[in-house]
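# Descriptive structure summary
Here's the letter readout for the chains.
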Amino acid sequence: MNCAYFHVLCGSREEKKMSVQDSIEELTEICMNLRHTIRSVDQKEKETIVLKHIKEFADTGIRICDFQKGLEWCNVSEEISVVKHLTGKITILDFFTYCCINCMHILPDLDALEKKYSIEDGLAVIGVHSAKFANERDSEKILSAVQRYNIAHPVVNDSKLSMWRDIGISCWPSLVILGPKLQPLFVLVGEGHRELLFLYVRVALDYFNSLNQISNHTLPLNSVQHLLPASRGNLLFPGKINIFESQNGEKLVISDTGNNRILIMNEMGKVEIVIGGCAPGFEDGSFEKARFNAPQGVCTLENCIFVADNENHAIRKIDLVGKNVITIAGNGIQGHDYSGGKSGKDQLLSSPWDVAIYQHNQAERSVPVLMIAIAGIHQIWALFLEDTIWWKKKNYKAGTCVAIVGSGREENRNNSYPHTANLAQPSGLAISQELRSVFFADSESSAIRRVHLDDGKVSAVCGADKNPSNLHCFGDIDGKQYSAKLQHPLGVVWDSSREMIYIADTYNHKIKKVDPDGNCTTLYGAEKPTINHKFNEPSGLALNNAKKILYIADTNNHCIKSIDIETEKIDVLSIVMPEEKCKVDKKFEFETTIGSNDGQLNISFKFVFESDLKLNTEAPQRWSLSQIPSSWSALNLNGTLENPIHVQYSQGKEKQEISIFLNIVACKTTECIPMKIMILYHVHRDENQSSNNCDKKIVDILHL
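The rules we used
Counting starts from 1 at the beginning of each chain's written sequence and moves along it residue by residue. Local features in this predicted model are restricted to residues of pLDDT 70 or higher, and side-chain atom pairs are both shown and tallied only at a pLDDT of 80 or more, whereas totals for entire chains, interfaces and linings draw on every residue. As a rule here, side-chain values cover all heavy atoms of the structure and leave hydrogens and water aside. A run of H or I in DSSP becomes a helix once it reaches four residues, and a run of E becomes a strand once it reaches two; helices and strands are each numbered from the N terminus. Our radius of gyration is a C-alpha quantity, and the globule rule it is checked against amounts to 2.2 Å times the number of residues to the power 0.38. Type-normalised accessible area, obtained with a 1.4 Å probe on protein chains alone, sets the label of each residue: buried when under 20%, exposed when over 50%, and partly exposed for intermediate values. We call two residues in contact whenever any of their non-hydrogen atoms come within 4.5 Å of each other. The predictor attaches a confidence to each residue, called pLDDT, with possible values from 0 through 100. Salt bridge, as used here, is a side-chain nitrogen of Lys or Arg placed within 4 Å of a carboxyl oxygen of Asp or Glu. Here the rule is simple: two strands pair whenever DSSP picks up at least two bridges between them. Angular values range over 0 to 180 degrees, each being the angle between N-to-C directions of two axes fitted as lines to C-alpha atoms, with helices fitted over their stretch in contact. Angle categories are assigned with fixed cut-offs, so that under 35 degrees is roughly parallel, over 145 is roughly antiparallel, 65 to 115 is roughly perpendicular, and the rest are oblique. Helix crossings are classified by the rotation of the near helix relative to the far one: an anticlockwise turn of less than a right angle makes the crossing left-handed, while a clockwise turn makes it right-handed. Under the convention adopted here, Pro, Cys and the residues Ala, Val, Leu, Ile, Met, Phe, Trp and Tyr are nonpolar, Asp, Glu, Lys and Arg are charged, and Gly plus all remaining residues are polar. Note on aromatic contacts: the rings of Phe and Tyr and the six-membered ring of Trp form a pair at centre separations within 6.5 Å, being stacked when their planes are under 30 degrees apart, edge-to-face when over 60 apart, and tilted otherwise. Placement of a charge over a ring requires the Lys NZ or Arg CZ to be within 6 Å of the ring centre, with the centre-to-atom vector within 35 degrees of the ring normal.

## Considering the overall build of the protein
- Counting secondary structure elements, the protein contains seven helices and 45 strands.
- Rg of the C-alpha trace for the protein: 27 Å, near the compact-globule value of 27 Å for 704 residues, within the 12% margin.
- Going through the 704 residues of the protein one by one, you find that 58% of them count as buried.
- Considering only intrachain contacts with a sequence separation of at least 6, the fraction spanning at least 24 residues in the protein is 60%.

Given below as structure tokens:
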């Protein structure tokens, strides 16, 4: 196909828009044929065909329109202009919406490409966020997504789909590759194009460099990562939560997704075991050696924890007795197998998002089956932990991992035959042993659905639309079955005593409940009077049936909340990390004296910098109280620097110690530095000193 299909832009904006849309539509079809053409030829021939294609489309006269003025951007210090900043670059426009699992799969490809070719080399990547859900139009939510997915390139909030419509994009994700004169060269739709991306960019850079059309100018980048909570010792985008009973009482298991680790803590938030490290990786071994990559769902069975290691496309098993981690499915590479049937690392997976244990009745005994929500290919799988006779009396050997529900097509189609049903990014699982069912949050259809585990029948519970192909039927409405509306729910948990499901209605920032008949009502959310009821994309739930406590992974608030179901009292768990896990940049020790009677110690801070650093007023500057004497108490165990630390001390004469961690961000004009500081107080008691409130000011604790 040659450039006769394209028209030089002229006349009104409407005429230009139609020309660009027609051009992109034609180019999309041409590029689909191009992919088929080069699939079966050797590397040299591929390069020859791609170069010929580039030469045919390098001088069509087509130029894309500029971004509208006034759009909100992430990772830049000024708005990006197509003409001013992208002329002379090979530019990739990534049209995405942050809920979309296929869009998430594109990000590692773009990251690898950006690591190979810098902006100075001539490559620019621009994320054009074009929201599907109403919640995703909010720039604050996009900012959180950019931070969560570690996106380093500029991202624009195309909230009114202006660029989307100007260019004529029709689905997520879509990649439009531009030449140095802003001319469209390639269009790639969907995921799985890493090899083509590298090929197209390399050949384009070589060709346009030979014509001296590539510029080495920089872009006005300004990363938003410093706006994250400075503390890596506390939670960062926690994804899922689970409860289990240990010999030492009830424990919470948290997938600390943004920190790429699993935490085991008591009900008060004291972390007892840390599994994995803050840096992403894929490694088995001891708790210290093991590495995860954005883990999500967690569930327990006896002395084991199973983890949906999302971005490693794997299921991991944590042995609490042997204190090690092993991989029991997946190998770190995204798979596209829609059937399964293999074992261990031989069975490739695609973005497992949640896991749950179902006790399957077999020959008068129960056999544990690990259910897996495979968000990446819109299915539910099972990993058989023992030899199991499953539906239609089919035998599965222990360790076998197989698709049991869903064809892989993205729809909201219920069916009596499990492999004929279609799911839409299942992201949360809740087992009901009484009903022999698994309820799941079908996030992209904004629905809660049910699999009957006697035969695999899939049925509706609430949300979505009767039309199975309509994945845009969402809202925030209480009601029954299809009249109820949700917005991208990610978490569910079964309440056996009340026979209902609690829902993390993620993009509505609410907690709802629904019974098996589909009656859905709101329990907690933004309309509640207290600040703690203001959730921010909650995505994980766990329930203590005996104590009637509901735990919530409040993802974008970076915390775990608990709600007493009967009194509606809500608390935020104060997460206290083991001291040996809290690596610090600087340590300071101070001596102070207080009276021997009861009293209150108030501590606040002042910083003096030796360089031109200043505290970033936009970043959260936090403290956490990691150690106080057992007979003392604190109003809060963590907080921001605007609020002093209040420690209530009891009568006594012995010397005591207080440990405080500061997590701050200091910035220069172009650079921000997160810092972790430990302060140790040696507190002396003096019976001659008054025990009135003592306000301690710490000056010059930081010298940089």
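## Focus: the confidence of the model for the protein
- Per-chain confidence: the protein averages 89 in pLDDT, with 92% of residues scoring 70 or above.
- Of the regions scoring below 50 in pLDDT, residues 1–18 engages in 30 contacts with residues more than four places distant in sequence or in other chains.
- Confidence drops under a pLDDT of 50 for residues 692–700, and excluding neighbours within four residues, the segment shows 25 contacts in the predicted structure.

## With respect to the pattern of salt bridges
- Within this structure, the stated rule accounts for 26 salt bridges.
- Of the charged contacts in the structure, one is a salt bridge between Glu267 and Lys547, with a shortest N-O distance of 2.9 Å. You can see Glu267 sitting in the loop between strand S9 (261–265) and strand S10 (271–276) and its partner Lys547 sitting in the loop between strand S32 (538–544) and strand S33 (549–554), a full 280 residues away along the chain.
- With relative accessibility at 47%, the residue Lys547 sits in the partly exposed group.

## Focus on the environment of Cys667
- If you trace the backbone, Cys667 turns up in strand S43 (residues 656–667).
- For the pair Cys667 and Pro578, spaced 89 residues apart in the sequence, the C-alpha separation amounts to 29 Å.

## Considerations on the sheet that holds strand S5 (residues 174–178)
- Judged by pairing direction, the sheet is mixed, and its six strands sit side by side in the order S1-S4-S3-S2-S5-S6 without closing on themselves. Looking at the sheet topology across the chains shown, the edges are occupied by strand S1 (73–74) and strand S6 (184–189).
- The pairing of strand S2 (residues 90–96) with S5 spans five bridges and is classified as antiparallel. In the sheet register, Phe95 faces S5, and the bridge partner there is Ser174.

## Brief notes about the packing of helix H2 (residues 43–57) against helix H7 (residues 194–210)
- In the contact formed by H2 and H7, the axes pass within 10 Å of each other and the chain directions differ by 60°. In terms of orientation, H2 and H7 fall into the oblique class. Crossing angle aside, the handedness with which H2 passes H7 is right-handed. Mapping the contact onto sequence places Gln43, Lys46, Glu47, Val50, Leu51, Ile54 and Lys55 in H2 and Glu195, Leu199, Tyr200, Arg202, Val203, Ala204, Tyr207 and Phe208 in H7.
- Across the contact of H2 with H7, the residue classes break down as nine nonpolar, one polar and five charged.

## Focus on the packing of aromatic side chains
- Counted according to the given criterion, the structure contains 13 aromatic pairs.
- Centre to centre, the rings of Phe590 and Tyr681 are 6.1 Å apart; their planes meet at 35°, and the pair counts as tilted. With Phe590 in strand S36 (residues 586–595) and Tyr681 in strand S44 (residues 672–686), this pair connects stretches of sequence that are 91 residues apart.
- A network of ring pairs unites the aromatic residues Tyr98, Phe133, Phe474 and Tyr507 as a single cluster.
- A cation sits over an aromatic face here: Arg148 above Tyr149, 5.6 Å from the ring centre.

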